[in-house]
Amino acid sequence: MVKKHTAHQSNAQVYGSQDAGTSPGGGWLALKAVEEHMFRQQVPFTGNRLMLAMNKHTGFKCPSCAWPDPVRPAMAEFCENGAKAVAWETTRKRVRPEFFERHTVTELSSWSDHELESQGRLTHPMRYNADTDKYEAVDWETAFREIGESLKSQEDPWRVQLYTSGHAPNESAFMFQLFGRMYGINNFPDCSNMCHETTTVSLPESLGVGKATTTLDDFDHTDAVFIFGQNTGTNSPRMMGNLHELVGRGGAVVTFNPLREKALVRFANPQSPMDMLKPSGTTISSQYHQVRIGGDIAAIQGMCKVIIEADDRAQARGEKRVLDHEFIEAHTHGLEVFADHCRALDWERIKRHSGLTREAIEAAAEVYMTAERVICCWGMGITQQTHGGDGVQQIVNLLLLRGNIGRRGTGACPVRGHSNVQGDRTVGIYQKPTEAFLSQLDKVFDIESPRRHGDDVAACCESILAGGVDTFIGLGGNFFRAIPDIDRVAEKTLNTLKMTVQISTKLNRSHLIHGKKAFILPCLARTEKDIQAGILQTVTLEDGMSNVNGSTGQIDPASPYLKSEVAIIAGMARATLPPHTKVDWEWLSEDYARIRDRIEAVFPDMFKNYNDRVGEPGGFHLYNAARERVWETDSGRANFLFPGDTLDTGMTSPKADYFQLITTRGHDQFNTTVYSLDDRYRDVYGTRMVVMMNPADIERLGLEEGNLIEFRAVAEDGIERHVSGFRIMPYDVPQGCAAAYYPETNGLIPIANRDERSHTIAAKSVPVTIHLMDTEQVQQQTGMLATA
Ligand SMILES: Nc1nc2c(c(=O)[nH]1)N[C@H]1C(S)=C(S)[C@@H](COP(=O)(O)OP(=O)(O)OC[C@H]3O[C@@H](n4cnc5c(=O)[nH]c(N)nc54)[C@H](O)[C@@H]3O)O[C@H]1N2
Ligand SMILES: Nc1nc2c(c(=O)[nH]1)N[C@H]1C(S)=C(S)[C@@H](COP(=O)(O)OP(=O)(O)OC[C@H]3O[C@@H](n4cnc5c(=O)[nH]c(N)nc54)[C@H](O)[C@@H]3O)O[C@H]1N2
Ligand SMILES: [Mo]
């Protein structure tokens, strides 16, 4: 157990900040929000009944985040934001062909993302007509035939891009990659390239695996959880239950985040009657460190310095050592070099780059040293950084110091985003496939997959800009809203792409940023019954801790004209690939168990007895070598890694003339899907056009609360990027840092602003300057807002 330490005893110790509002995260407001969102989507009754089937063995998996379910779920195993996602998906509202008759694409382009998606579910396949500038209904066979003809006429297949959003289950993702490889490409940009790709690339260098080494059981047995750059209360609210429980049994939560995220400060668990009676909920973070943007590397190395020096002292005095030397000797490589680097670090530099005091870093290190078992979690605050991979590897270094990997109650826990983003990669959505995978795929299907590596999101965007893309097919998601440099890429897409195809459930921006030919192919959603050849189908998903589970839709489809993702991919593949190929797409799509058999054939160890095991309650867990202390790295050991000049994190000092901007999610959104304009956890209501700034910075720039400002990106490529109309909101954020919402700010982010190794877009440190809008601009803007 954790020894009592001062920070912990004082209940909540906050470094560098005043207190955050009085209402906790969660609580009655969370229950009220669930009701409201269901009511707005006109699903009060079916919604409630449906919710009981969520995350249950025979039910459907939540369409929201990738946090795992307990093996024995509660009566109602869902959270506020999962309920919002279900309400949004099961809405009674519909976008029928008549809707498109009434609105041209040009007109729809002036609508906000919220307005577009809130029209409801798509009902018919649609084809763009350039003469009328409208989408018109088309039958499925015609759509498939024309898509097939267009793909067949493509001289260079590499000018085609196949995008996957992490919502797609294993079965669709596997079919999609098979289609792409048989077509002859490895261009598989996916949402992960904007998300945890940083982890996928850097974690294996350290540990040999790219996935979490934890399971939920470890959360039940840990003493302390460190959370770096992950907004738990909004983005994986069910994890709040695990943190709440940990705090209840005397464990510690230590948070590093420039913003004081409300639920990580205090939380009232809606599943706990005791909590709901307390006006302020339960204190979650015993320490909350408001690190500067990109300052985690410095903060963690500072902690490592404290821990290593404490170990040096213990050695000198002949006392019990602080580091787990037994583990280090048996399992790791590179400690000495790393330890020397940390010992030599200068506190002034650590403080300047982390934005934290030495006392704060020492207090965090104290919790780490006294806890027997520690888990470290991280999210987009770490991965979406120009030195994101280094950040991930410093977290691993911290864990390795005391053998906090591969032991019950410990581990590295990247908190993944989309509900199947991890599974999509597992089954082959990858632009850099290994030879082992390709040769097995080729053997199973008797095909010849291309070996040349393909494009990720950054490369795909650059290729569009360079005129290198003719066709874009999106399996879910909202590519043309989620990407960086959105304005430039959109303009080029509209002018140069020959065809865009979007497989979607709801109307979004990516339908409006289209090629000369364009199709919207509406698909079944996860909550809906997917019946093929008379049989109700189950799909499978891998959560963020490698548990593979089945998901079976429960309600009738939003429209009789919808097809499943699998059937749509099969339809396109049949129409595109030569008829003599050996894959019987129709046969596969008639029974998804056949697809799972093929997945098992390609990955015989990982997916052994796939169809049998997926029927078991709780599904099955995929083997994770690092969890077993087997290190599949070049050195055959877990590596302590750090960059040469570690603390050069691209941080500006508070006096420098530009800011680092965080682009982040509000509480009422799922990525580019905006449920409402409120962000209850940050006290923002009725608008998303705000910039959160430190009061001293506002004053320094001669600005005032409520002023309308323009962001201008700072970039070396000489291209001007700006977005305007954001109101200044004084906020508890370190100086030199600012925060605004994604995707409203995506036009500001240069594609080159990305993690060096993985190319993950650095959406959490966008260099910008902030300017007061002049009267003319304000008039234009408010005019625009009034008409929008
Ligand atoms: N309800 C809901 N759930 C979701 C999503 C959603 O949009 N809505 N999206 C899903 C997806 S795809 C993903 S990837 C996840 C995203 O979940 P998160 O990883 O939580 O992503 P963000 O909301 O972008 O917030 C990142 C956090 O990092 C902090 N941060 C920014 N810069 C830094 C830094 O330099 N250091 C540190 N330590 N912190 C920093 C921000 O203040 C913020 O609290 O959630 C998933 N779940
Ligand atoms: N500036 C900035 N940019 C970012 C981020 C950031 O933090 N800041 N975050 C990045 C991250 S982490 C991610 S993951 C990406 C997200 O990028 P995407 O995954 O591309 O975007 P989403 O907003 O999740 O996609 C929403 C759309 O998915 C479709 N959809 C919903 N359910 C289904 C379904 O069951 N099947 C199909 N076929 N379609 C469905 C709907 O039409 C909906 O409009 O954005 C990235 N972009
Ligand atoms: Mo994500």
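Here the structure is a predicted model, which is why all the values come from computation and not from measurement.

Cut-off values and rules
Each chain carries its own residue numbering, running from 1 in the direction its sequence is written. Lettering for chains starts from A, numbering for ligands starts from 1, and both go in the order in which the items are written. Reporting in this predicted model follows two pLDDT cut-offs: at least 70 for local features of residues, and 80 or more for side-chain atom pairs to be given and counted; totals over whole chains, interfaces and linings ignore these cut-offs and use all residues. Remark: hydrogens and water are excluded; side-chain values derive from all non-hydrogen atoms of the structure. Helix and strand labels come from DSSP, where a helix needs a run of H or I of at least four residues and a strand needs a run of E of at least two; each type is numbered from the N terminus. C-alpha atoms define the radius of gyration in this analysis, and the globule rule sets the expected value at 2.2 Å times the number of residues to the power 0.38. Think of it in three bands: with a 1.4 Å probe and only protein chains considered, a residue is buried below 20% of the maximum accessible area for its type, exposed above 50%, and partly exposed in between. Any two residues whose heavy atoms approach within 4.5 Å are treated as being in contact. We score Asp and Glu as negative and Lys and Arg as positive, and we do not count His or the chain ends. Just so you know, the charge point we use is NZ for Lys, CZ for Arg, CG for Asp and CD for Glu. Two strands pair if DSSP finds at least two bridges between them. Angles here are taken between N-to-C directions and fall from 0 to 180 degrees, while the axes themselves are lines fitted to C-alpha atoms, restricted in helices to the stretch in contact. UniProt positions are given in the numbering used here, feature names are shortened, and annotations may be inferred rather than shown by experiment. Here a residue is near a molecule or strand as soon as one of its heavy atoms is found within 4 Å of it. Under this definition, polar contacts are N or O atom pairs within 3.5 Å; protein pairs additionally need one hydrogen-donor-capable and one acceptor-capable atom, and for neighbouring residues in sequence, both atoms have to be side-chain atoms. A 1.4 Å probe and the Shrake-Rupley method give the accessible areas. Residues count as covered only by the protein chains that appear here. Only Asp, Glu, Lys and Arg are considered charged in this grouping, and only Ala, Val, Leu, Ile, Met, Phe, Trp, Tyr, Cys and Pro are considered nonpolar; every other residue, Gly among them, is considered polar. Residue ranges for the domains originate in an automatic or database domain assignment. Per-residue confidence from the predictor is given as pLDDT, running between 0 and 100. Roughly parallel covers angles under 35 degrees, roughly antiparallel covers those over 145, roughly perpendicular covers 65 to 115, and oblique covers all other angles. Crossing handedness is defined as follows: a turn of the near helix away from the far one that is anticlockwise and smaller than a right angle gives a left-handed crossing, while the clockwise case is right-handed. Two kinds of site are reported from a 1 Å grid over the protein atoms alone, namely cavities, where a 1.4 Å probe fits but cannot get out, and pockets, open sets with protein on both sides within 12 Å along at least five of seven lines, and residues are called lining when an atom falls within 4 Å of a point. Grid points are joined across faces, edges and corners, and a volume is the space filled by probe spheres set on the points.

## Some words on the overall build of the chain
- Counting its secondary structure elements, the chain contains 34 helices and 32 strands.
- What you see for the chain is a C-alpha radius of gyration of 25 Å, in line with the 28 Å of a compact globule of 788 residues.
- If one aligns the C-alpha atoms of the chain with their principal axes, the spans along those axes are about 80 × 65 × 55 Å.
- Residues counted as buried form 64% of the 788 residues belonging to the chain.
- In the chain, 79% of the contacts between residues at least 6 apart in sequence involve partners at least 24 apart.
- Counting 82 positive and 101 negative side-chain charges, the chain places the centres of these two groups 3 Å from one another.

## Focus: the sheet that holds strand S30 (residues 722–730)
- If you trace the six strands once around the closed barrel, you get S25-S31-S28-S30-S29-S32, paired in mixed fashion. Direction aside, the axes of adjacent strands within the sheet are offset by 45 degrees on average.
- The sheet contact formed by strand S28 (residues 690–693) and S30 spans four bridges and is parallel. Bridged to Met 692 within S30 is Met 729.

## Details of the UniProt feature "domain: Molybdopterin dinucleotide-binding" (unreviewed entry) in the chain
- Mapped onto the present numbering, the UniProt feature "domain: Molybdopterin dinucleotide-binding" (unreviewed entry) falls at residues 659–712.
- Helix and strand shares over residues 659–712 are 11% and 35% respectively, and the end C-alpha atoms of the span are 10 Å apart.

## Quick word on the site of ligand 2
- In the region of ligand 2, 33 residues are neighbours, and Glu 117, Tyr 163, Glu 565, Thr 672 and Asn 746 sit closest.
- The separation between an oxygen atom of ligand 2 and a polar side-chain atom of Tyr 742 is 2.7 Å.
- Contact with the protein chains hides 95% of the accessible area of ligand 2, taken as 930 Å² for the molecule alone.
- Those elements that provide at least two residues to the shell around ligand 2 are helix H26 (479–482) and strand S17 (499–504).
- Of the residues belonging to the shell around ligand 2, the class tally is 13 nonpolar, 15 polar and five charged.
- If you count residues domain by domain, the shell around ligand 2 takes at least three from each of domain 1 (90–194 + 420–608) and domain 3 (654–787).

## Section: the site of ligand 1
- Taken together, 31 residues are adjacent to ligand 1, and Asn 235, Glu 261, Gly 294, Asp 296 and Asn 671 come closest.
- Separating an oxygen atom of ligand 1 from a side-chain N or O atom of Arg 665 is a distance of 2.8 Å.
- Compared with its free state, where it exposes 920 Å², ligand 1 has 99% of that area covered by protein.
- The set of elements that each furnish at least two residues to the shell around ligand 1 consists of helix H12 (232–235), helix H21 (380–383), strand S25 (659–664) and strand S26 (669–670).
- Grouping the constituent residues of the shell around ligand 1 by class yields ten nonpolar, 16 polar and five charged.
- Two domains each provide a minimum of three residues to the shell around ligand 1, namely domain 2 (198–415) and domain 3 (654–787).

## Quick notes on the environment of Cys 376
- Relative to the helices and strands, Cys 376 resides in strand S14 (residues 374–378).
- Between the C-alpha atom of Cys 376 and that of Arg 757, which follows or precedes it by 381 residues, the distance is 22 Å.
- Setting aside residues no more than four positions away along its own chain, Cys 376 makes contact with Phe 226, Phe 228, Ile 395, Leu 398, Leu 399, Gly 411, Ala 412 and Cys 413.

## Re the confidence of the model for the chain
- Of the residues in the chain, 94% have a pLDDT of 70 or more, and the chain-wide mean is 92.
- Counting interchain partners and residues more than four positions distant, the pLDDT-below-50 stretch residues 1–20 has 51 contacts.

## Description of the environment of Leu 207
- When you line up the elements, Leu 207 lands in helix H10 (residues 197–207).
- For the pair formed by Leu 207 and Met 606, sequence separation is 399 residues and the distance between their alpha carbons is 19 Å.
- Apart from residues no more than four positions distant in its own chain, Leu 207 is found in contact with Thr 213, Val 396, Leu 400, Ile 405, Ala 412, Ala 626, Trp 631, Glu 632, Thr 633 and Ala 638.

## A few points about the UniProt feature "domain: Molybdopterin oxidoreductase" (unreviewed entry) in the chain
- Sequence positions flagged by UniProt for "domain: Molybdopterin oxidoreductase" (unreviewed entry) are, in local numbering, residues 121–420.
- In the segment residues 121–420, helix accounts for 48% and strand for 15%; the C-alpha atoms at its two ends are 21 Å apart.

## A short note on the sheet that holds strand S22 (residues 547–551)
- Spatially, S21-S22-S23 is the arrangement adopted by the three strands of the open sheet, whose pairing is antiparallel. Where the open sheet ends on each side, the last strands, each with one partner, are strand S21 (539–542) and strand S23 (620–621).

## Description of the packing of helix H24 (residues 435–445) against helix H31 (residues 592–602)
- Contact geometry for H24 and H31: axes closest at 9 Å, N-to-C directions at 130 degrees. Here H31 runs oblique to H24, going by the angle between their axes. The handedness of the crossing between H24 and H31 is right-handed. Residues Phe 437, Gln 440, Leu 441, Val 444 and Phe 445 of H24 form the contact with H31, whose participating residues are Arg 598, Ala 601 and Val 602.

## Describing empty space enclosed by the protein
- Counted according to the given criterion, the structure contains four cavities of 30 Å³ or more.
- Put simply, the second largest cavity is a space of about 100 Å³.
- Among the elements of the structure, helix H16 (296–317), H21 and helix H22 (388–401) are those that each provide at least two residues to the lining of the second largest cavity.
- Of the residues assigned to the lining of the second largest cavity, the class counts are two nonpolar, nine polar and one charged.

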